[in-house]
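Residue-level structural notes
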Amino acid sequence: MHSIPTSTSYELTQAGDRYFDGLVDKFSRSLYQAPRGELRLAMLDYLLPQMLHLTEQPVLDVGGGLGQLSGWFAQRGHAVTMAEPSQDMLAHASAWHAERSAEGAWPVDKLRYLAAPLQLLPQQAPGPWPLITCHAVLEWLGEPEQAVQTLASLLAPGGQLSLMVFNRDALRFSNVVKGNLKKALSDQLEGKGKRQRLTPISPVTHDEMCQWVVNNGLVMEGVAGIRIFQDYLRHPSTERSEQATLLALEKQYCRQDPHWRLGRYLLYTFTKPEADV
Ligand SMILES: C[S@@+](CC[C@H](N)C(=O)[O-])C[C@H]1O[C@@H](n2cnc3c(N)ncnc32)[C@H](O)[C@@H]1O
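Predicted model only: the values in this text are computed from it and were never measured.

**Thoughts on the packing of helix α2 (residues 35-51) against helix α10 (residues 240-253)**
Between two packed helices, what matters for the description is the angle formed by their axes and the separation of those axes. Relative to each other, α2 and α10 sit at 45°, their axes nearing to 11 Å. When the axes of α2 and α10 are compared, the pair comes out oblique. The hand of the α2/α10 crossing is right-handed. Across the interface between the two elements, P35, L39, A42, M43 and Y46 of α2 pack against Q243, L247, E250 and K251 of α10. The residue makeup of the contact of α2 with α10, split by class, is six nonpolar, one polar and two charged.

Okay, here's the thing in structure tokens:
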């Protein structure tokens, strides 16, 4: 069973996962109200239509957080089921969606919500789903490989999984750039998931991802780096024109070797092969 923490406990669940209860303000301030959150959304807006076959098919958004990605799909005509175990995040997301829907962004019935962790989705939202998204969630789990297995089991044959993970190799590199040399040398990079810290507890490497998808019968169709340059800037600019140039650079090199490999996040498209006939 997965215990749901209270809004102030900031503890891991029994499964070793970090639900974001009590983190709405911190998460929204430090990511989505900052240029890096803006860049992440701009890159997803650029990459997802290239990396996925979008046909207004139903979407399961796992660990949907504040609901930006669910909203993105609803706006493009998809029926979205957003699953999220943190009551705080879910309440925030659904209130924001209701506002957007009242403004005419999408019909009110485009979104439904499940207050559930990934591990309970085989019972609560078995699908199978033609499209599943799970962005920036695996790194907050005690057992990220098991999560890949669960996600694979929820996919329909021929269905696609858009998976975005926090890149362990980029975390090492950014620690070095910031001068945290001893930390990098000892390779003690992961956070503990306590208090309001947002250093992920299970950052993932590309090599691990390659292994896990093969183990679970998925095929890697594409990979891109998100924030390949931004986190390494010595003098981040607040000028809009500079930020636009940085976005152009990120777009130009996000799928090119070697740059994608040091993206703060790695964005993958995995497909479940059609069953043999
Ligand atoms: C960094 S946020 C990412 C939110 C959103 N997907 C995004 O990209 O902005 C991580 C989310 O994973 C959720 N989470 C933690 N453990 C989970 C689990 N076992 N199943 C599903 N979601 C989980 C957290 O509550 C949090 O909302």
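There's plenty left to go through after this.
**Let's talk about the site of the ligand**
Lining the immediate environment of the ligand, one finds 22 residues, of which F20, G63, G65, P117 and L118 sit closest. For the shell around the ligand, a count of residues per class yields 12 nonpolar, seven polar and three charged.

**So, the UniProt feature "binding site: S-adenosyl-L-methionine" (unreviewed entry) in the protein chain**
According to UniProt, the feature "binding site: S-adenosyl-L-methionine" (unreviewed entry) maps to R40, G63, G64, E84 and H135 in the numbering used here. With respect to the secondary-structure elements, G63 resides in the loop between β1 (59-62) and α3 (68-75). Judged by C-beta crowding, with 25 C-beta atoms within 10 Å, G63 ranks as buried. Once residues lying within four places of it in the same chain are set aside, the contact partners of G63 are E84, L118, C134 and V137. With respect to the helices and strands, the residue H135 is situated in strand β4 (residues 129-135).

**Details of the nonpolar core**
Counting 58 residues, the largest nonpolar core has V62, I132, L151, V165, L266 and L267 as its most contacted members. If sequence neighbours within four positions are ignored, L267 has contacts with L47, M164, V223, A224 and I226.

**Describing the sheet that holds strand β6 (residues 219-226)**
Taken together, seven strands build an open sheet; the order of strands is β3-β2-β1-β4-β5-β7-β6 and the sheet is mixed. If you trace the sheet from one side to the other, it starts and ends with β3 (111-114) and β6, each paired once. Averaged over neighbouring strand pairs, the angle between their axes works out to 15° when direction is ignored. Sheet topology places strand β5 (residues 155-166) next to strand β7 (residues 265-271); seven bridges connect them, and they run antiparallel. Across the sheet, residue V165 finds its bridge partner in β7, namely L266. Against the sheet, α3 contacts β1, β2 (80-83), β3 and β4, and its axis sits at roughly 175° relative to β2.

**Digging into the pairing of β4**
Each regular strand shows side chains that alternate between the opposite faces of the sheet. With six of its seven residues buried, β4 lies for the most part within the structure. In the sheet, β1 pairs with β4 via three bridges, with the strands oriented parallel. The partner of D61 across the bridge, within β4, is T133. With six bridges connecting them, β4 and β5 associate as parallel partners. Bridging across to β5, W129 finds its partner in L155. For the segment spanning β4, helix α6 (residues 144-154) and β5, crossover handedness is right-handed.

Thresholds applied
Residues numbered from 1 in each chain as written. Predicted model: local features only at pLDDT ≥ 70, side-chain atom pairs only at ≥ 80, totals over all residues. Axes fitted to C-alpha atoms, helices over the stretch in contact; angles between N-to-C directions. Helix = DSSP H or I, 4+ residues; strand = E, 2+ residues; numbered from the N terminus. Parallel < 35°, antiparallel > 145°, perpendicular 65-115°, else oblique. Left-handed = near helix turned anticlockwise from the far one by under 90°. Contact = placed C-beta atoms within 7 Å. Nonpolar A, V, L, I, M, F, W, Y, C, P; charged D, E, K, R; others polar. Near = placed C-beta within 6 Å. UniProt positions renumbered as here; feature names shortened; annotations may be inferred. Buried ≥ 20, exposed ≤ 12 C-beta atoms within 10 Å, placed from the backbone. Core = buried A, V, L, I, M, F, W, Y, C linked by C-beta atoms within 7 Å. Pairing = 2+ DSSP bridges. Right-handed = clockwise from strand over helix to strand, strands pointing away.

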